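Okay, here's what each chain looks like letter by letter:
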Amino acid sequence: MGSLAELVVDARCATGESPVWRAAEQALYWADIPQGLLHRWSAGEVDAAGQHRQWRAPEMLACMAACEGAPGQWIAGLESGLFLLSLPAADGAGPVDALSARPLAAVAHAAAGMRFNDGRCDRQGRFVAGTMLLDMGAAARVGKVYRYGAAEAAAGAAPVDLLLGELIVPNGIAFSPDGRTMYLSDSHPQVQTIWAFDYDTDTGTPHSRRVFADMKPLPGRPDGAAIDVDGGYWICGNDAGLVHRFTPDGRLDRSLEVPVKKPAMCAFGGPRLDTLYVTSIRPAGVDLADQPLAGGVFALRPGTQGLAEPGFKQHA
């Protein structure tokens, strides 16, 4: 592929997000937020149900992480809070089976019409995720970032821990290879900034916030991100059809093209973790003649390798 993008699935997602590569299955999972769908594409053998499958969550499905040691279970940020999603043990009669969803932690949103957005586990297996107001035009700084770990899970339906606030569209959450740096962006057109934090791996607390990259002069708004083995920060340039790589010191290193305007999030996968999978958005009410594959999932060969995505640790 070189730097050319290859179509993996013409999924036509309204908002394709949160791709996660599962090495044990050689499969890619991702979410379509407004449709509440969990997608799975298998790179290995095709079973009777086909290579691409999907299941429906009870609310909008924004972000997720696989549960460590529990195949088929996912911690996920929906609308009202965090849930434990479980894939059905067997295929149902319908084309899209329902996911079992058990509430883990409710969130007291700052305003009506909010949901979770970007999220993933830190290197210690704690789930870190942000919330946003659906009406981006309001530019309301009501978005927050929360943490949920094994101690909270052991306590049952415990509240999540608030880490950060005063955000419009928290996005781009990622952790350096050693886990000691946390990255966070705000995608809103008024902000378009990526920050880095020192991250206390013992407590799961970010501090010493500083600007990592100001994307306002660069093409595309910062969206979902991934980290490579050298600590490079890969982030989708929404509206620009690009995926950017920043070096650990915040320098723009390269930009790769995808054939859609709104790439949403990227994740490393493949047998050697050297493929960069990119989900995308298919905006409603827009002439898509120049980007018929909008909403699809693409693969790039970025010339580097990624890191295995940490799973959620349900027990200390």
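The name an unreviewed UniProt entry assigns to the protein chain is Sugar lactone lactonase YvrE, from the organism Paracidovorax wautersii. As recorded by UniProt, the Sequence similarities (unreviewed entry) comment attached to the protein chain reads in full: "Belongs to the SMP-30/CGR1 family."

Chemist: What exactly am I supposed to notice about the nonpolar core here?
Modeler: General note: in soluble globular proteins, nonpolar side chains tend to be found buried as a group. Among the nonpolar cores identified, the biggest contains 20 residues, and Ile-75, Leu-82, Phe-116, Phe-127, Tyr-148, Val-160 and Phe-312 are the most heavily contacted of them. At the level of secondary structure, the elements contributing two or more residues to this core comprise β6 (63-66), β8 (81-86), β10 (100-106), β11 (114-121), β12 (127-133) and β13 (143-148).

Chemist: Sorry if this is basic, but what is going on with the sheet that holds β6 here?
Modeler: With respect to topology, four strands assemble into an open sheet ordered β6-β7-β8-β10, the strand pairing being antiparallel. Bordering the open sheet on either side are β6 and β10, each of which pairs with just one other strand. Within the sheet, the average angular offset between the axes of one strand and its neighbour, ignoring direction, is 25 degrees.

Chemist: Looking at this model, I keep getting lost on the sheet that holds strand β22 (residues 252-257). Mind explaining?
Modeler: Strand pairing in a sheet relies on backbone hydrogen bonds, with the paired strands running either antiparallel or parallel. With antiparallel pairing, the four strands of this open sheet are ordered in space as β19-β20-β21-β22. Each of the sheet's edge strands pairs with one partner strand only, and the pair in question is β19 (221-227) and β22. When strand polarity is set aside, the average angle formed by the axes of neighbouring strands in this sheet is 25 degrees. As paired elements, strand β21 (residues 242-246) and β22 share five bridges and run antiparallel to each other. Bridging from a neighbouring strand, Phe-246 pairs with Leu-252 of β22.

Chemist: What should I look at first to understand unusual backbone geometry in this one?
Modeler: Trans is the prevailing form of peptide bonds, just as negative phi is the prevailing case for residues other than glycine. Backbone geometry at Ala-139 places phi at a positive 50 degrees, although glycine is not the residue there. Not every positive phi belongs to a glycine, and Leu-273 is a case in point at roughly 55 degrees.

Chemist: I tried to follow the packing of aromatic side chains on my own but got confused; where do I start?
Modeler: We describe a pair of aromatic rings using the distance from one ring centre to the other and the angle between the two ring planes. If you walk through the whole model with that rule in mind, you get eleven aromatic pairs. For the pair Tyr-183 and Phe-212, a centre-to-centre distance of 4.9 Å together with 65 degrees between the ring planes defines the contact as edge-to-face. Here Tyr-183, found in strand β16 (residues 181-186), pairs with Phe-212, found in strand β18 (residues 205-214); they are 29 residues apart in sequence, far enough to count as distant. Judged by its relative accessible area of 10%, Phe-212 is buried. Relative to Phe-268, the ring of Trp-234 has its centre 6.3 Å away and its plane inclined at 80 degrees; by these criteria the two rings are edge-to-face.

Quick notes on the rules
- Residues numbered from 1 in each chain as written.
- Predicted model: local features only at pLDDT ≥ 70, side-chain atom pairs only at ≥ 80, totals over all residues.
- Heavy atoms only, no water.
- UniProt positions renumbered as here; feature names shortened; annotations may be inferred.
- Core = buried A, V, L, I, M, F, W, Y, C linked by side-chain atoms within 4.5 Å.
- Buried < 20%, exposed > 50% of the residue type's maximum accessible area, 1.4 Å probe, protein only.
- Helix = DSSP H or I, 4+ residues; strand = E, 2+ residues; numbered from the N terminus.
- Pairing = 2+ DSSP bridges.
- Axes fitted to C-alpha atoms, helices over the stretch in contact; angles between N-to-C directions.
- Phe/Tyr/Trp six-rings, centres within 6.5 Å; stacked < 30°, edge-to-face > 60°.

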